[in-house]
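# Residue-level structural notes
Spelled out from the first residue to the last, the chains are:
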Amino acid sequence: MKNIVILISGGGSNMAAIVRAAQQGDWRRTLDAQVAAVISNRADAGGLAFAKEHQIPTEVVDHKRFPTREAFDAELAAAIDRRQPSLLVLAGFMRILTPGFVQRYEGRMVNIHPSLLPAFPGLHTHRRAIEEGCKFSGATVHRVTAELDHGPILTQAAVPILPDDTEEALAARILTQEHLLYPRAIAALLPSL
Ligand SMILES: Nc1nc2c(c(=O)[nH]1)N[C@@H](CN(C=O)c1ccc(C(=O)N[C@@H](CCC(=O)O)C(=O)O)cc1)CN2
Ligand SMILES: NCC(=O)N[C@@H]1O[C@H](COP(=O)([O-])[O-])[C@@H](O)[C@H]1O
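What counts and how
- Residues numbered from 1 in each chain as written.
- Chains lettered and ligands numbered in written order.
- Predicted model: local features only at pLDDT ≥ 70, side-chain atom pairs only at ≥ 80, totals over all residues.
- Heavy atoms only, no water.
- Helix = DSSP H or I, 4+ residues; strand = E, 2+ residues; numbered from the N terminus.
- Rg over C-alpha atoms; globule rule 2.2 N^0.38 Å.
- Buried < 20%, exposed > 50% of the residue type's maximum accessible area, 1.4 Å probe, protein only.
- Contact = heavy atoms within 4.5 Å.
- Areas by Shrake-Rupley, 256 points an atom, 1.4 Å probe, with all protein chains shown as cover.
- Lys, Arg positive; Asp, Glu negative; His and termini not counted.
- Charge placed at Lys NZ, Arg CZ, Asp CG, Glu CD.
- Near = heavy atom within 4 Å.
- Polar contact = N/O pair within 3.5 Å; in protein donor to acceptor, adjacent residues only side chain to side chain.
- Nonpolar A, V, L, I, M, F, W, Y, C, P; charged D, E, K, R; others polar.
- Phe/Tyr/Trp six-rings, centres within 6.5 Å; stacked < 30°, edge-to-face > 60°.
- UniProt positions renumbered as here; feature names shortened; annotations may be inferred.
- Pairing = 2+ DSSP bridges.
- Expected span 1.5 Å × (residues − 1).
- Arc of directions from axis to C-beta.

## Overview of the overall build of the protein chain
Helix and strand counts for the protein chain stand at seven helices and seven strands. Tracing the protein chain from N to C terminus, the helices and strands come up as β-α-α-β-α-β-α-β-α-β-α-β-β-α. On C-alpha atoms alone, the protein chain measures out to a radius of gyration of 16 Å, which is about the 16 Å that the 2.2 N^0.38 rule sets for 193 residues. Seen through its C-alpha atoms, the protein chain measures out along the principal axes to roughly 50 × 40 × 30 Å. Classification of the 193 residues of the protein chain by burial places 47% in the buried group. Within the protein chain, contacts between residues separated by at least 24 positions form 62% of all contacts whose residues are at least 6 apart in sequence. Counting every atom, the protein chain has about 9300 Å² of accessible surface; 53% of that belongs to carbon and sulfur. Within the protein chain, one finds 20 positive and 20 negative side-chain charges whose respective centroids are separated by 5 Å.

Following this line, the structure appears as structure tokens:
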């Protein structure tokens, strides 16, 4: 059985889309895979309640409890490795991971980013796309490397930016596409792991 561990920091809507796809698509039977745990760096992450309601083991590794990124990443890796993951999925996970952590999971760690990379790495992507007058933005699923939001791209979904679009309206439209894109990308990746 291939164990998928999902890292979240907030509402976890992408995690929820993956859990729903895994359950509705019977991934245990069809892909020999399961969501083994949801781990958050924040105790107040709304996604933790969803995971518990769907019988997914959860754990919190609070980054504020650690003096350095390295110390946090070491504790996070220990929590992850207890689940023996085949795939590590970042889903709204809002911490920059150290090179040592990235190397540990290289080739089996993916992220979804709310822009059409390489455009707009980092934060506040929707605001930046609107401010720069872009006609499109979207979402990218990519492998995670030490350089932030620069890993090899697995798939993307483009979303038009409308006249007078607001950051909130664009974010909502892109999030809808993320919820379709991410489970499909993970399902396509699993047989190769
Ligand atoms: N080494 C890597 N770490 C992470 C990657 C990556 O590609 N390489 N992807 C990000 C996800 N991400 C955008 O998709 C992202 C997450 C967080 C940040 C950031 O600036 N975080 C701040 C804290 C922000 C907060 O707590 O609200 C920080 O870590 O100091 C930028 C981009 C996940 N990690
Ligand atoms: N840099 C990472 C990042 O910005 N991720 C973004 O956080 C939003 C909330 O995700 P969630 O509802 O799955 O928690 C999503 O748009 C996701 O792409």
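## Quick word on the site of ligand 2
Taken together, Gly11, Gly12, Ser13, Asn14, Ala91, Gly92, Met94, Ile112, Pro114, Leu175 and Glu178 make up the full set of residues near ligand 2. Asparagine 14 places a polar main-chain atom, nitrogen or oxygen, 2.9 Å from an oxygen atom of ligand 2. Residue glutamate 178 places a side-chain N or O atom 2.7 Å away from an oxygen atom belonging to ligand 2. Mapped by element, the contributors of at least two residues to the shell around ligand 2 are helix H1 (13–24) and helix H7 (167–189). Taken together, the residues of the shell around ligand 2 break down into five nonpolar, five polar and one charged.

## Considering the packing of aromatic side chains
The full count for this structure, using the stated rule, is two aromatic pairs. A centroid spacing of 4.9 Å and a plane angle of 50° characterise the contact between phenylalanine 101 and tyrosine 105, whose relative ring orientation is tilted.

## Here we look at the UniProt feature "binding site: (6R)-10-formyltetrahydrofolate" (unreviewed entry) in the protein chain
Residues annotated by UniProt as "binding site: (6R)-10-formyltetrahydrofolate" (unreviewed entry) correspond here to Arg69, Met94, Arg95, Ile96, Leu97 and Asn111. Inspection of the secondary structure assignment puts arginine 69 in helix H4 (residues 69–81). Aside from chain neighbours lying at most four places away, what touches arginine 69 is Arg95, Ile96 and Thr98. With respect to the secondary-structure elements, arginine 95 resides in the loop between strand E4 (85–90) and helix H5 (99–104). Taking relative accessible area as the criterion, arginine 95 reaches 28% and is therefore assigned partly exposed. Once residues lying within four places of it in the same chain are set aside, the contact partners of arginine 95 are Asn41, His63, Arg69 and Phe72.

## Brief notes about the pairing of strand E1 (residues 2–8)
Along any regular strand, the residues point their side chains to alternate faces of the sheet. The buried count for E1 comes to seven of seven residues, which makes it a mostly enclosed element. One ladder, built from seven bridges, connects E1 with strand E2 (residues 33–40); its direction is parallel. Its bridge partner lying in E2, valine 5 is registered against alanine 37. Sheet analysis places E1 next to E4, joined by five bridges and oriented parallel. From the neighbouring strand, isoleucine 6 faces E4, where its bridge partner is valine 89.

## Some thoughts on H4
The end-to-end C-alpha separation of H4 is 18 Å, in line with the 18 Å expected for 13 residues at 1.5 Å each. Of all the positions in H4, only Phe72, Asp73, Leu76, Ala77, Ala79 and Ile80 are classed as buried. Projected down its long axis, H4 shows its buried positions confined to an angular sector of 160°, all on one face. The secondary structure elements touched by the buried residues of H4 are E1, E2, strand E3 (58–60), E4 and H5.

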